[in-house]
Amino acid sequence: MKNILITGGAGFIGSHVALELLDSGYNVIVYDNLSNSSEESLKRVEELTGLSISFYKGDILDTNHVKEVLEKEKIEAVIHCAALKAVGESVKKPLLYYHNNITGTLSLLSAMEEVGVKNIIFSSSATVYGDPETVPITEDFPKGAPTNPYGWTKSMMEQIMTDLHTADPNWKVILLRYFNPIGAHKSGRIGEDPKGIPNNLLPYVTQVAIGKLPYLHVYGDDYDTHDGTGVRDYIHVVDLAKGHVKAIDNLDKLTGVEIFNLATGHGYSVLDIVKTFEKVNGVKIEYKIEGRREGDIDETYADASKAEKVLGWICDNGLEEMLEDSWRWQKNNPNGYEE
Ligand code: NAD
Ligand code: UD1
């Protein structure tokens, strides 16, 4: 297994996956329509690794184009990161989300089937568990009801790939359920570059730290957690990216549909994040406690021991490193990839 296609490879997670794959000796081909990213991320990955990426600007909805690329580049496995991911926007524009994420995935899978590429690693999410009855979450927990169309697209895409394997066991399907990816590559050259006001906690915190936003809105302090604010399992994006490399490394020995939680197994609250960020980076984060955000849950964190046991994957970075690296990226690139 050598030639790996990453859909959505110019994005936050895809660009980190591209870098780790190149560093591990794989050939990386990226397919992205740049709807939420910039080609600059890939140029920086090339600069950091001294290796080159074959980049195709295209939409996964364009089945024929995807097919051409799969054949031309002799692709052996696909890491499928391409998706729209803004939860709030998905509530307002469900058709856009279902079309892009679901129809897009059907188009990609049809192209793969037609050319006989039957190895797929999918960017799934902890959101498919819904509101779990207990924590930590293991992979055999039942799927729950996502609270928004984005979450449903992830859950449905998992089902589509699972059904595909049932119909044709030659398909290998690895569902990677990410918990909350944060941080950035240690170089400070690649990182998360959200368009407009960030939805997720970390980019919001770093934009407060740099003075672009006045204060953090803390969504609720009456949750059933140690300090009342929401608890999540934050994972360093580089550790997450390495999980993809381990999945590819182990593809030959995996059969069927395999699910892995990619997480650290530790839960931290919003205020833990604020205080640790202030401590390790020496920057004050102004915040105000506000009402709960619709659809949020109290607490979620994972048991990620299956990925360790089966793939030999472990996380190298703790919360302090994640927050230092998020800040380095933001500080060095106040406007993201825009010069
Ligand atoms: P991102 O927006 O930075 O990357 C997604 C990439 O997909 C972008 O570069 C975008 O241009 C591209 N894309 C979108 N639709 C496309 C299409 N139709 N054709 C071609 N390219 C298309 O997001 P990310 O944070 O890197 O997330 C990557 C994947 O991981 C997504 O599938 C997301 O749902 C999933 N995920 C992300 C998180 C998170 O917190 N970031 C958590 C769980 C799961
Ligand atoms: C959110 C999405 C989830 C998606 C994930 C990764 C919702 C309901 N869920 O998860 O579907 O898979 O992002 O993209 O949006 N918080 C604040 N202030 C902020 C932002 C967040 O207090 O400005 C709090 C939240 O209430 C939560 C925690 O910080 O307790 C983490 O929030 P966030 O980064 O948005 O991730 P999730 O809610 O876990």
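Described below are features of the structure shown in this document.

Procedures and definitions
Residues numbered from 1 in each chain as written. Chains lettered and ligands numbered in written order. Predicted model: local features only at pLDDT ≥ 70, side-chain atom pairs only at ≥ 80, totals over all residues. Heavy atoms only, no water. Pairing = 2+ DSSP bridges. Helix = DSSP H or I, 4+ residues; strand = E, 2+ residues; numbered from the N terminus. Axes fitted to C-alpha atoms, helices over the stretch in contact; angles between N-to-C directions. Contact = heavy atoms within 4.5 Å. Buried < 20%, exposed > 50% of the residue type's maximum accessible area, 1.4 Å probe, protein only. Near = heavy atom within 4 Å. Polar contact = N/O pair within 3.5 Å; in protein donor to acceptor, adjacent residues only side chain to side chain. Nonpolar A, V, L, I, M, F, W, Y, C, P; charged D, E, K, R; others polar. Phe/Tyr/Trp six-rings, centres within 6.5 Å; stacked < 30°, edge-to-face > 60°. Lys NZ or Arg CZ within 6 Å of the ring centre and 35° of its normal. Areas by Shrake-Rupley, 256 points an atom, 1.4 Å probe, with all protein chains shown as cover.

This brings us to the sheet that holds strand β4 (residues 77-80). The strand order across the open sheet built from seven strands is β3-β2-β1-β4-β5-β6-β11, with neighbouring strands paired in parallel fashion. The two strands at the open ends of the sheet, each matched to only one other strand, are β3 (54-57) and β11 (257-262). With direction set aside, neighbouring strand axes in the sheet form an average angle of 20 degrees. With four bridges connecting them, strand β1 (residues 3-7) and β4 associate as parallel partners. Along β4, the bridge assignment pairs isoleucine 6 with isoleucine 79. With respect to the sheet, helix α1 (residues 12-23) is in contact with β1, β2 (27-32), β4 and β6 (172-178), its orientation differing from that of β1 by roughly 170 degrees.

Moving on, we come to helix α7 (residues 201-209). Taking burial as the measure, the nine residues of α7 include nine buried ones, the bulk of the element. The set of residues buried in α7 consists of Leu201, Leu202, Pro203, Tyr204, Val205, Thr206, Gln207, Val208 and Ala209. For α7, the elements touching its buried residues are β7 (180-182), β8 (216-219), β10 (234-236), α9 (270-281) and α11 (319-332).

In the neighbourhood of ligand 2, 19 residues make up the surrounding shell, with Leu201, His217, Arg232, Arg293 and Asp296 lying closest. In this structure, an oxygen atom belonging to ligand 2 sits 3.0 Å away from a side-chain N or O atom of asparagine 180. At the level of elements, α7 and β8 are the ones that each hand at least two residues to the shell around ligand 2. When residues in the shell around ligand 2 are grouped by element, the largest group, four residues, is from β8. Its residues assigned to classes, the shell around ligand 2 comprises nine nonpolar, seven polar and three charged.

Another point: the packing of aromatic side chains. Counted by the stated rule, this structure contains three aromatic pairs. Relative to phenylalanine 179, the ring of tyrosine 129 lies with its centre 6.3 Å away and its plane at 35 degrees, an arrangement referred to as tilted. Taken together, the residues span a long stretch of sequence, with tyrosine 129 in the loop between β5 (119-125) and α6 (149-167) and phenylalanine 179 in the loop between β6 and β7 at a distance of 50 residues. Each of the two residues, tyrosine 129 as well as phenylalanine 179, counts as buried. On the basis of an interplanar angle of 70 degrees and a centroid distance of 5.9 Å, the ring pair of phenylalanine 277 and tryptophan 327 is categorised as edge-to-face. Of this pair, phenylalanine 277 sits in helix α9 while tryptophan 327 sits in helix α11; the two residues are 50 residues apart in sequence, bridging distant segments of the chain. On the basis of relative accessibility, which here comes to 0%, the residue phenylalanine 277 falls in the buried class. Note on tryptophan 327: relative accessible area 8%, which makes it buried. Here lysine 288 stacks its cationic end above the ring of tyrosine 215, 4.2 Å away from the centre of that ring. Positioned over the ring face of tyrosine 223 is arginine 292, at 4.0 Å from the centre of the ring.

The environment of ligand 1 is formed by 26 residues, the closest being Asp32, Asn36, Ser37, Tyr150 and Lys154. Serine 35 places a main-chain nitrogen or oxygen 3.1 Å from an oxygen atom of ligand 1. One of the side-chain N or O atoms of aspartate 59 is found 2.9 Å from a nitrogen atom in ligand 1. Here ligand 1 has 820 Å² of accessible area as a free molecule, and 96% of this is covered by the chains. Within the residue set of the shell around ligand 1, elements represented by two or more residues are α1, β5 and α6.

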